[in-house]
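Reading the structure
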Amino acid sequence: MNNAYKTNGGRGYRHVIFDADDTLLRYRDDERGAFSRLFLRHGITADEELLSFSNAVSEEVWTETGLYDVHSPAIQRRYHELYRAHVEHVFEKILAFLAARGVNVAGNKKAELSGTSTAVSAAELRDEFLKELETGGNLVDGAAETLSALKARGYCISIATNGLTAIQIGRTKPLKGLFDNLFVSEAIGAIKPTAAFFERLLSKLGAEKSECLFVGDSLASDVAGANGAGIDCCLFDPRGKYAAGGVSGGSADNAGGAKAKPDYVIRKLTDLLDLL
């Protein structure tokens, strides 16, 4: 582990820890790409109507499943199970949408050629889709530049994210060599914003709270979690949703994030280079 660190304005951070989704990686773009590749494999034209429907229904089912409510003990206990269930439910809706267009999704090509092809199930599509999400992710503007510059300055760079381990390993491939550690909730055994997630994170880093700065886009998950753990936090707010005293965005970040207070707010990831 790199022991060098930069002190600036009285701050002595050694570790900069980034959230992944919507901080370093564009999840909706990654999801859209996975949908497109999956549909293509099954001989389905991935037109704008289908892709937009798929993205929208994914957001809808995520919300209905309660996965935004990361402060709920019930969600915390079953997060990864519910993640998979959410994807299966998404494909149930997609199959119904396609059926209404007169499109029946057959099984894999090998089975089709052998004459034994049957209609594919939502569970099968779920598993295929999760594998597709392991493909390298789309980066948020400035992500590679920011990590590269911070690493050159001697900071230990980590990514700490909720999600499934194989997917997050795959999606962070475009940043390979620019971060030192990847911590995924499925492997850690706890999700953000729980105390257990941050305690295990600090333990694995061998770091003190005062040495760490957490950077993330979510008040409910990143900022609230860092606040609870006593770790300084920088809110990445590219659309300017955050305002003094609260957030002007939707319900996703108001669930458990209303009292969360970042130590810093940035609009671009590269703004972090002026802060540190």
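Scroll up a little and you will see the structure.
A brief report on the enclosed structure follows.

The rules behind the values
- Residues numbered from 1 in each chain as written.
- Predicted model: local features only at pLDDT ≥ 70, side-chain atom pairs only at ≥ 80, totals over all residues.
- Heavy atoms only, no water.
- Helix = DSSP H or I, 4+ residues; strand = E, 2+ residues; numbered from the N terminus.
- Buried < 20%, exposed > 50% of the residue type's maximum accessible area, 1.4 Å probe, protein only.
- Contact = heavy atoms within 4.5 Å.
- Areas by Shrake-Rupley, 256 points an atom, 1.4 Å probe, with all protein chains shown as cover.
- Core = buried A, V, L, I, M, F, W, Y, C linked by side-chain atoms within 4.5 Å.
- Salt bridge = Lys/Arg side-chain N within 4 Å of Asp/Glu carboxyl O.
- Pairing = 2+ DSSP bridges.
- Axes fitted to C-alpha atoms, helices over the stretch in contact; angles between N-to-C directions.
- Polar contact = N/O pair within 3.5 Å; in protein donor to acceptor, adjacent residues only side chain to side chain.
- Right-handed = clockwise from strand over helix to strand, strands pointing away.
- Phe/Tyr/Trp six-rings, centres within 6.5 Å; stacked < 30°, edge-to-face > 60°.
- Parallel < 35°, antiparallel > 145°, perpendicular 65-115°, else oblique.
- Left-handed = near helix turned anticlockwise from the far one by under 90°.
- Nonpolar A, V, L, I, M, F, W, Y, C, P; charged D, E, K, R; others polar.

Our focus in this paragraph is the overall build of the protein. Along the protein, the regular secondary structure elements total twelve helices and eight strands. Relative to its full complement of 276 residues, the protein shows a buried share of 48%. Across the protein, contacts joining residues at least 24 apart in sequence account for 70% of those joining residues at least 6 apart. For the protein, the computed accessible surface area is about 12,400 Å², with 50% contributed by carbon and sulfur atoms.

In terms of nonpolar packing, the biggest core is built from 34 residues, with Phe 35, Tyr 79, Tyr 83, Phe 91, Ile 94 and Phe 129 touching the most fellow members. If one sorts the elements of this core by residue count, helix H3 (residues 73–100) sits on top with eleven residues. Other than its neighbours up to four places away in sequence, Ile 94 contacts Phe 35, Phe 39, Leu 50, Phe 53, Ser 54 and Val 57.

Below, the discussion takes up helix H10 (residues 219–229). Within H10, nine of the eleven residues are buried, leaving the element largely enclosed by the surrounding structure. Those residues of H10 lying buried are Leu 219, Ala 220, Ser 221, Asp 222, Val 223, Ala 224, Gly 225, Ala 226 and Ala 229. Immediately downstream of H10, the backbone of Gly 230 shows phi near 75 degrees, a positive value.

Examined against the element boundaries, Asp 30 turns out to sit in helix H1 (residues 27–41). Using a relative accessible area of 6% as the deciding quantity, one classes Asp 30 as buried. The contacts of Asp 30, once residues within four sequence positions are left out, are Leu 25, Leu 133, Gly 137, Asn 138 and Arg 171.

Oppositely charged side chains are able to pair whenever their charged atoms sit close together. By the definition in use, this model includes 21 salt bridges. A salt bridge links Glu 59 to Arg 28, with the shortest nitrogen-to-oxygen separation between them at 2.3 Å. Taken as a pair, Glu 59 in helix H2 (residues 48–65) and Arg 28 in helix H1 lie far apart in primary sequence, 31 residues in all. According to the relative accessible area criterion, Glu 59 is partly exposed, its value standing at 27%. Note that Arg 32 and Glu 48 form a salt bridge whose closest N and O atoms lie 2.4 Å from each other. Residue Arg 32 is found in helix H1, and its partner Glu 48 is found in helix H2; the two are separated by 16 residues along the sequence. When its relative accessible area of 49% is taken as the criterion, Glu 48 is described as partly exposed.

Attention now goes to the sheet that holds strand E2 (residues 156–161). Strand order in the open sheet formed by six strands is E3-E2-E1-E4-E5-E8, with parallel pairing between adjacent strands. One side of each edge strand has no neighbouring strand; the edge strands of this open sheet are strand E3 (181–184) and strand E8 (264–266). When the angles between neighbouring strand axes are averaged without regard to direction, this sheet yields 20 degrees. Across three bridges, the pairing between strand E5 (residues 232–236) and E8 is parallel. Within the sheet, the bridge partner assigned to Cys 234 lies in E8 and is Tyr 264. Those strands touched by helix H6 (residues 143–152) are strand E1 (15–18) and E2, and its axis lies near 165 degrees from that of E1.

Turning our attention to the side chain of Lys 192. Mapped onto the elements of the fold, Lys 192 is located in the loop between helix H8 (185–188) and helix H9 (195–205). A distance of 3.3 Å separates the side chain of Lys 192 from the backbone oxygen of Ala 160, its partner in a polar contact. Beyond its immediate stretch of four places on either side in the chain, Lys 192 contacts Asp 19, Val 70, Ala 160, Thr 161, Asn 162, Phe 197, Phe 198, Phe 214, Ser 221 and Asp 222.

The next subject is the pairing of E3. One face of the sheet, then the other: side chains in a regular strand alternate in exactly this way. Across four bridges, E2 lies against E3 in parallel orientation. Paired with Ser 158 across the strands is Asn 181, a residue of E3. The β-α-β motif built from E2, the intervening helix H7 (residues 165–171) and the parallel element E3 has right-handed crossover chirality.

Before going further, it helps to spend a moment on the packing of aromatic side chains. On inspection of all chains with the given rule, the structure shows ten aromatic pairs. Ring geometry for Trp 62 and Tyr 68: centres 6.3 Å apart, planes at 70 degrees, overall edge-to-face. Relative to Phe 129, the ring of Phe 91 lies with its centre 5.5 Å away and its plane at 65 degrees, an arrangement referred to as edge-to-face. Placement of the pair is Phe 91 in helix H3 and Phe 129 in helix H5 (residues 122–132), with a sequence separation of 38 residues. Residue Phe 91 is classed as buried on the basis of its relative accessible area of 0%.

Let's shift gears to the packing of H1 against H5. Interhelical geometry of H1 versus H5 gives an angle of 125 degrees and a closest axis separation of 9 Å. Of the possible angle classes, the one that applies to H1 and H5 is oblique. In the crossing of H1 with H5, the sense of the turn from one axis to the other is right-handed. Between H1, through Glu 31, Ala 34, Phe 35, Arg 37, Leu 38 and Arg 41, and H5, the contact on the second element is made entirely by Leu 125, Glu 128, Phe 129 and Glu 132. Here the residues of the contact of H1 with H5 sort into five nonpolar, no polar and five charged.

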